[in-house]
Amino acid sequence: MSDVDWFPLLLSLRVATLATLVTTLVGVAGAYALSRFRFPGRGLIEAIASLPIVLPPTVLGYYLLVTIGRNSPIGRTYEAVFGQQLVFTWQAAVLAAAVASLPYCLRTATAAISAIDAGYEEAARVAGLHGTRLAFVVTLPLAARGIIAGVSLAFARALGDFGTTLMVAGNIPGRTQTMPIAVYDRVQAFDYATAGVLAAVLSTVAIVVLLVVRRLERTAL
Amino acid sequence: MSLRVDVRARVGEFHLDARFELPPGLTVLFGPSGAGKTRLLRLIAGLDQPTEGRITLADRAFVDRSERTSLPVHERDIGMVFQQPYLLPHRTVVANVALAADGRTRQDRRAAAWNWLERTGATPFAERRPHQLSGGQKQRVALARALAGGPQLLLLDEPFNALDLERRRRLRRLVRALVDETAIPTLFVTHDVDELAELADQVLIAEHGTVRTVADVAATMRYLGDP
């Protein structure tokens, strides 16, 4: 196993961790807004945020490529600020994994928050809590199990993303080649032995993460 | 300081019409299930909005539909005990009460919480989590939480319904003592005649969505005997 390149694993872990951070912030805030506020366009936002579940990853990747490509306003702004293009970098892989995994966190957290008995929040409001304090002291802890489940699903999805990442970050060994892409790459080269090792490692990491999360979920309350 | 209520609310087919004044002391709101008692408490607390009318406490308007103003729930300075205790399961008893307590620092709020837990007889289980308490213990904590913020109005919505007779009797005495001590205008909802007879300084009757004052317990008993 000494000749196996571990860069893809390390990159996958970094990409999945950062993507999950982004997904957690956006997903939980979005879930809170969707389940606690009524506003026009709410259904449309929910539908668009859920698109990554139903769209083929390549189509999602295409949209992302158009959105952050060198000729797009976002791509141009990024290049002006950071001095390099965004597409075909590991940062683009983070973005791809975050977008692909967002609906798993958002939908699970929305369901968890919506399922809370309104009486807890009402009792806390009468007791003087409101705004972000109400959210952090009452609502989010009561939905903790569901939120943790959503975040773990999002991590698993981010870790395993292939199509979207390939479209926006490419397959550059040592720079943007994540674990799932490395497995594909090795199979294309008929190097089944290395592909098998990489697949087994990725599966083990995923199982360990899910077991840890399960334990966290059980002790959340 | 008294609470003045003159509101109408319509929810689907149900019409609520309430007009009364709540002086300091203990007023019992009596009536059968579905008469609009809980709905009225929710209007006063600001958890629901009336269709028309106004609710004022001393010179503060909680809600005034003619002027389209409504004070947010957390600014009304109300203590409320619901039919269920709704204590946060992830916090200890004292932390639950401290959330509602007045005080600038965390220590101040915890000290206030301990003080109210002592006055409601809840100190022996102050460090426990809510799931480790009995129903009566939970409602003692809910009562401490309702009082910890220094409320100007206390609302109790059939708080002891789920308890056995002996616990109800003990908690009734506790409520009576606390209301006498704090002199907060208090509205106690019940459909239990014993509770009415033991607690009421003044009685409100709720019937088919109409809430009116019926003076005192004796008048209520005559009313109930010959409606």
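Here is what the cut-offs are and how they apply
What you see as residue numbers is a count from 1 along each chain, following the sequence as written. Chain letters and ligand numbers both follow the written order, the letters beginning at A and the numbers at 1. Note on the predicted model: pLDDT of at least 70 is required for a residue's local features to be given, and 80 or more for side-chain atom pairs to be given and counted; whole-chain, interface and lining totals, by contrast, use all residues. Derived side-chain values reflect all non-hydrogen atoms in the structure, with water molecules and hydrogen atoms excluded from consideration. Secondary structure elements are defined from DSSP: runs of H or I of at least 4 residues count as helices, runs of E of at least 2 residues count as strands, and each element is numbered from the N terminus. The buried label goes to any residue with under 20% of its type's maximum accessible area, the exposed label to any with over 50%, and the partly exposed label to all in between, with areas taken from a 1.4 Å probe on protein chains only. Whether two residues are in contact is decided by their heavy atoms, any of which lying within 4.5 Å being enough. The Shrake-Rupley method, run with a 1.4 Å probe, gives the accessible areas here. Residue values count only the displayed protein chains as cover. Charge counting follows a simple rule: Lys and Arg are positive, Asp and Glu are negative, and His as well as the terminal groups are ignored. One atom stands in for each charge, and that atom is NZ of Lys, CZ of Arg, CG of Asp or CD of Glu. Cavities and pockets were defined on a 1 Å grid built over protein atoms only: a cavity is a set of grid points that admits a 1.4 Å probe from which the probe cannot escape, a pocket is an open set flanked by protein on both sides within 12 Å along at least five of seven lines, and lining residues are those with an atom within 4 Å of any such point. Grid points are joined across faces, edges and corners, and a volume is the space filled by probe spheres set on the points. Strand pairing is assigned whenever DSSP identifies at least 2 bridges connecting the two strands. In this analysis an axis means a line fitted to C-alpha atoms, helices contributing only their contacting stretch, and an angle means the value between N-to-C directions, from 0 to 180 degrees. Note: buried area is the sum, over both parts, of the accessible area (probe 1.4 Å) each one loses when the two are combined. Note on definitions: salt bridges are taken to be side-chain nitrogens of Lys or Arg within 4 Å of carboxyl oxygens of Asp or Glu. Counting of polar contacts relies on pairs of N or O atoms within 3.5 Å, with two restrictions inside protein: one atom must be capable of donating a hydrogen and the other of accepting it, and residues adjacent in sequence are counted only when both atoms are side-chain atoms. Polarity classes work like this: nonpolar for Ala, Val, Leu, Ile, Met, Phe, Trp, Tyr, Cys and Pro, charged for Asp, Glu, Lys and Arg, and polar for all others, with Gly in that last group. The split of the chain into domains comes from an automatic or database domain assignment. The aromatic pairing rule takes the rings of Phe, Tyr and Trp, using the six-membered ring of Trp, and pairs them if the centres are within 6.5 Å, calling planes under 30 degrees apart stacked, those over 60 edge-to-face and the rest tilted. Here, a charge over a ring is recorded when the distance from Lys NZ or Arg CZ to the ring centre is within 6 Å and its angle to the ring normal is within 35 degrees.

**What about the overall build of chain A?**
Across its full length, chain A holds eleven helices and zero strands. The principal-axis extents of the C-alpha atoms in chain A amount to approximately 65 × 40 × 30 Å. For chain A, the proportion of its 221 residues judged to be buried stands at 44%. Within chain A, residue pairs in contact and separated by at least 24 positions form 71% of the contacts whose partners lie at least 6 positions apart. Looking at chain A as shown, the accessible area adds up to about 11,100 Å², and 67% of this sits on carbon and sulfur atoms. Between the mean site of the 16 positive side-chain charges and the mean site of the 11 negative ones, chain A shows a separation of 7 Å.

**Structural notes on empty space enclosed by the protein**
Under the counting rule described, the total for this entry stands at two cavities of 30 Å³ or more. As a volume, the largest cavity reaches approximately 70 Å³. If you trace the largest cavity, you find it lined by A:Y120, A:A123, A:A124, A:A127, A:L129, A:V138, B:Y86, B:L88, B:N96, B:L99 and B:R145. Of all the secondary structure elements, the ones that give two or more residues to the lining of the largest cavity are α6 (118-126) of chain A together with α2 (93-100) of chain B.

**Some thoughts on the sheet that holds strand β6 (residues 69-70) of chain B**
Each strand in a sheet pairs with another by means of backbone hydrogen bonds, the pair being arranged parallel or else antiparallel. Residue and element names in this part refer to chain B. An order of β6-β5-β4-β1-β2-β11-β10-β3-β9-β8-β7 is seen for the eleven strands of this open sheet, with the pairing classed as mixed. Single-partner strands in this sheet number two, and they are β6 and β7 (78-81). Across two bridges, the pairing between strand β2 (residues 14-22) and strand β11 (residues 210-213) is parallel. Its bridge partner being in β11, A18 is matched across the sheet by V211. Here helix α4 (residues 135-148) sits on the sheet in contact with β7 and β8 (153-157), set at roughly 170° to β7.

**Here's the deal with the environment of B:Q139**
Following the sequence through the fold, B:Q139 ends up in helix α4. Taking C-alpha positions, B:Q139 is 18 Å from B:L153, a pair spaced 14 residues apart along the chain.

**Thoughts on the interface of chain A and chain B**
In this assembly, 17 residues from chain A lie in contact with 18 residues from chain B. For the pair chain A and chain B, the summed buried surface comes to about 1,700 Å²; carbon and sulfur atoms form 67% of the total. For the pair chain A and chain B, the number of links is one salt bridge. Between B:R42 and A:E122 there is a salt bridge; the shortest N-O distance is 2.7 Å. Inspection of the chain A/chain B interface yields three residue pairs in polar contact (both at pLDDT 80 or more). With six residues, the top contributor of residues to the side of chain A that touches chain B is α6(A). Its residues assigned to classes, the side of chain A that touches chain B shows ten nonpolar, three polar and four charged.

**Let's talk about the domain arrangement of chain B**
All names here are of chain B. Under the domain assignment used here, chain B contains domain 1 (3-77 + 152-225) and domain 2 (90-150). Using C-alpha coordinates to define each centre, domain 1 is positioned 24 Å away from domain 2. Contacts between domain 1 and domain 2 engage 15 residues on the former and twelve residues on the latter. Interface area for domain 1 against domain 2, summed over the two sides, is near 1,100 Å², with a carbon-plus-sulfur share of 71%. Sorting the residues of domain 1 by area buried against domain 2 places L154, L174 and L178 first, and these three jointly supply 36% of that buried surface. Where domain 1 meets domain 2, there are two residue pairs in polar contact (both at pLDDT 80 or more). Here the side of domain 1 that touches domain 2 takes eight residues from helix α5 (residues 165-182), the largest share from any one element. Classifying every residue of the side of domain 1 that touches domain 2 gives ten nonpolar, two polar and three charged.

**Structural notes on the packing of aromatic side chains**
For the structure on display, the rule yields seven aromatic pairs over all chains. Just above the ring of A:W90 sits the side chain of A:R14; from NZ or CZ to the centre is 4.4 Å. The cationic tip of B:R119 hangs over the ring face of B:W116; the distance from NZ or CZ to the ring centre is 4.0 Å.

**Quick word on the pattern of salt bridges**
Summed over all chains, the structure comprises 28 salt bridges over all chains. With a shortest N-O distance of 2.8 Å, A:R70 and A:E79 are connected by a salt bridge. Overall, the relative accessible area of 23% leaves A:E79 in the partly exposed class. With a closest N to O distance of 3.4 Å, B:R168 and B:E195 form a salt bridge. Of this pair, B:R168 sits in helix α5 while B:E195 is found in helix α6 (residues 193-199), placing the two residues 27 residues apart along the sequence. On the accessibility criterion, B:R168 (9% relative accessible area) is buried. Put simply, B:D6, B:R8, B:D17, B:R19, B:E52 and B:R212 are held in one network by salt bridges that share partners.

**Topic: the side chain of B:T27**
Considering the arrangement of structural elements, one finds B:T27 in strand β3 (residues 25-30). Residues in contact with B:T27, not counting those within four places in the same chain, are B:L22, B:T186, B:L187, B:F188, B:Q202 and B:L204.

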